Amino acid sequence: MRFLVIEDQNKVSQFIKKGLEEEGYAVDIAHDGREGLDMAFDRVHDLIILDIQLPKMDGLQVLHKLRGRGITTPVLLLTVRATIEDKVLGLDSGADDYLTKPFSIREFIARTKAILRRVEAIQKEIGSDADIKVSDLVIEASKRKVTLKGERIELTPKEFDLLHLLASHPGKTYTREQLLNILWGYQYNGYEHTVNSHINRLRSKIEPDISKPKFILTSWGVGYRFNEEIS
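Reference entry: report on the structure contained in this document. The structure presented is a predicted model; accordingly, all values stated were derived computationally and were not measured.

What counts, and where the lines are drawn
- Residues numbered from 1 in each chain as written.
- Predicted model: local features only at pLDDT ≥ 70, side-chain atom pairs only at ≥ 80, totals over all residues.
- Heavy atoms only, no water.
- Helix = DSSP H or I, 4+ residues; strand = E, 2+ residues; numbered from the N terminus.
- Rg over C-alpha atoms; globule rule 2.2 N^0.38 Å.
- Buried < 20%, exposed > 50% of the residue type's maximum accessible area, 1.4 Å probe, protein only.
- Contact = heavy atoms within 4.5 Å.
- Areas by Shrake-Rupley, 256 points an atom, 1.4 Å probe, with all protein chains shown as cover.
- Lys, Arg positive; Asp, Glu negative; His and termini not counted.
- Charge placed at Lys NZ, Arg CZ, Asp CG, Glu CD.
- Core = buried A, V, L, I, M, F, W, Y, C linked by side-chain atoms within 4.5 Å.
- Pairing = 2+ DSSP bridges.
- Axes fitted to C-alpha atoms, helices over the stretch in contact; angles between N-to-C directions.
- Parallel < 35°, antiparallel > 145°, perpendicular 65-115°, else oblique.
- Left-handed = near helix turned anticlockwise from the far one by under 90°.
- Salt bridge = Lys/Arg side-chain N within 4 Å of Asp/Glu carboxyl O.

1. Overview of the overall build of the chain
So, point 1. Tallying secondary structure elements over the chain gives eight helices and twelve strands in all.
So, point 2. In terms of overall size, the chain behaves like a compact globule, its C-alpha atoms giving a radius of gyration of 18 Å where 231 residues would be expected to give roughly 17 Å.
So, point 3. Oriented by its inertia axes, the alpha-carbon framework of the chain measures out at about 55 × 35 × 30 Å.
So, point 4. For the chain, the proportion of its 231 residues judged to be buried stands at 50%.
So, point 5. Sequence separation of 24 or more characterises 58% of the internal contacts of the chain that already satisfy a separation of 6 or more.
So, point 6. Accessible surface for the chain amounts to roughly 11,200 Å². Of this, 48% is attributable to carbon and sulfur atoms.
So, point 7. Charge centroids of the chain, computed over 34 positive and 35 negative side chains, lie 1 Å from each other.

This is the structure we're talking about:
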């Protein structure tokens, strides 16, 4: 496995590099946002470790451009800011996890492995890479492509994973906590907003009438499910 570390502080990047290499991973390092973005575009990585405060282009800008290009590589954000609002912003921007500086190498390695396990768990939960066609909505798993009435719908990686997961199990209600655990790995209060905001954005892109959802239904007091009564 190959990781990309985008971190402007050489001491921190070398600390991370040493820890990852001891675990058997290959590591590329970029020292500013633009260099990191170019490296992410040029080479496939299994995980990107991305500092938020970077020269030339900050981490959230890098993340937006990655997701805008359709790059789905998991991203672990690093930051000195530790408020719930900052964490939710990072997760809503398409990050997979959020680690506050300073941190121990043991905690860092545990987080990276948790992200990789989560990627594997998503695939296991979905169970199949077969395309899904429901009414005029088509989900092409292998291409990570969604079309509605023949027109492509641009989704973020997390929006795609959320839609694909729900559509793979029509009629099954997932609680917000279950969705957090499967897609983000968070199992405690304070991050349910992340699920809600992703559902709302997803509905705004695929639902003919947001006030009367056709595809993604709310199981009141529980969570969300994909409508099993349409085909």
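2. Structural notes on the nonpolar core
So, point 1. In terms of nonpolar packing, the biggest core is built from 33 residues, with Leu163, Ile216 and Phe226 touching the most fellow members.
So, point 2. Here the element with the most residues in this core is helix H6 (residues 157-168); it accounts for six residues.
So, point 3. Not counting chain neighbours up to four residues away, the residues in contact with Ile216 comprise Leu163, Leu166, Ile199, Leu202, Arg203, Ile206, Glu207, Arg225 and Phe226.
So, point 4. With 19 residues, the next largest nonpolar core counts Ala30, Ile48, Ile52 and Ile71 among its residues.

3. Details of the sheet that holds strand E9 (residues 151-153)
So, point 1. Read across the sheet, four strands follow the order E6-E7-E8-E9 without closing on themselves; strand pairing throughout is antiparallel. Each edge of the sheet is formed by a strand with only one pairing partner; in this case those strands are strand E6 (132-134) and E9. The sheet shows a mean angle of 25 degrees between the axes of neighbouring strands, taken without regard to direction.
So, point 2. The pairing of strand E7 (residues 137-140) with strand E8 (residues 145-148) spans four bridges and is classified as antiparallel. What sits directly across from Val138, in E8, is Thr147.
So, point 3. Docked against the sheet, H6 engages E6, E7 and E8, running at close to 110 degrees with respect to E7.

4. Details of the sheet that holds strand E10 (residues 174-175)
Within a sheet, adjacent strands bond to each other through the backbone by hydrogen bonds, running parallel or antiparallel.
So, point 1. Strand order in this open sheet of three strands is E10-E12-E11, and the pairing throughout is antiparallel. Strands at the two margins of the open sheet, each flanked by one partner only, are E10 and strand E11 (216-219).
So, point 2. Note: E10 against strand E12 (residues 223-226), two bridges, orientation antiparallel. For Tyr174, the partnering residue across the bridge sits in E12 and is Tyr224.

5. Structural notes on the packing of helix H2 (residues 33-42) against helix H3 (residues 59-68)
So, point 1. Look at H2 against H3: their axes get within 10 Å of each other, and the N-to-C directions meet at 20 degrees. Here H2 lies roughly parallel to H3, going by the angle between them. Pair H2 / H3 crosses with right-handed handedness. When H2 is examined against H3, the residues Gly33, Leu37, Ala40 and Phe41 are found in contact with a partner set consisting of Val62, Lys65 and Leu66.

6. Description of the pattern of salt bridges
Between side chains of opposite charge, pairing is possible as soon as their charged atoms come close.
So, point 1. This structure, assessed with the given rule, holds 19 salt bridges.
So, point 2. The closest approach of N and O atoms between Lys56 and Asp32, which form a salt bridge, is 3.7 Å. Linking Lys56 in the loop between strand E3 (47-51) and H3 with Asp32 in the loop between strand E2 (26-30) and H2, this pair joins segments that are 24 residues apart in sequence.
So, point 3. The exposure class assigned to Lys56 is exposed, which follows from its relative accessible area of 62%.
So, point 4. By relative accessible area, Asp32 is classed as buried at 11%.
So, point 5. Between Glu154 and Arg152 there is a salt bridge, and its shortest N-O distance comes to 3.9 Å.

Structural measurements only, silent on function.
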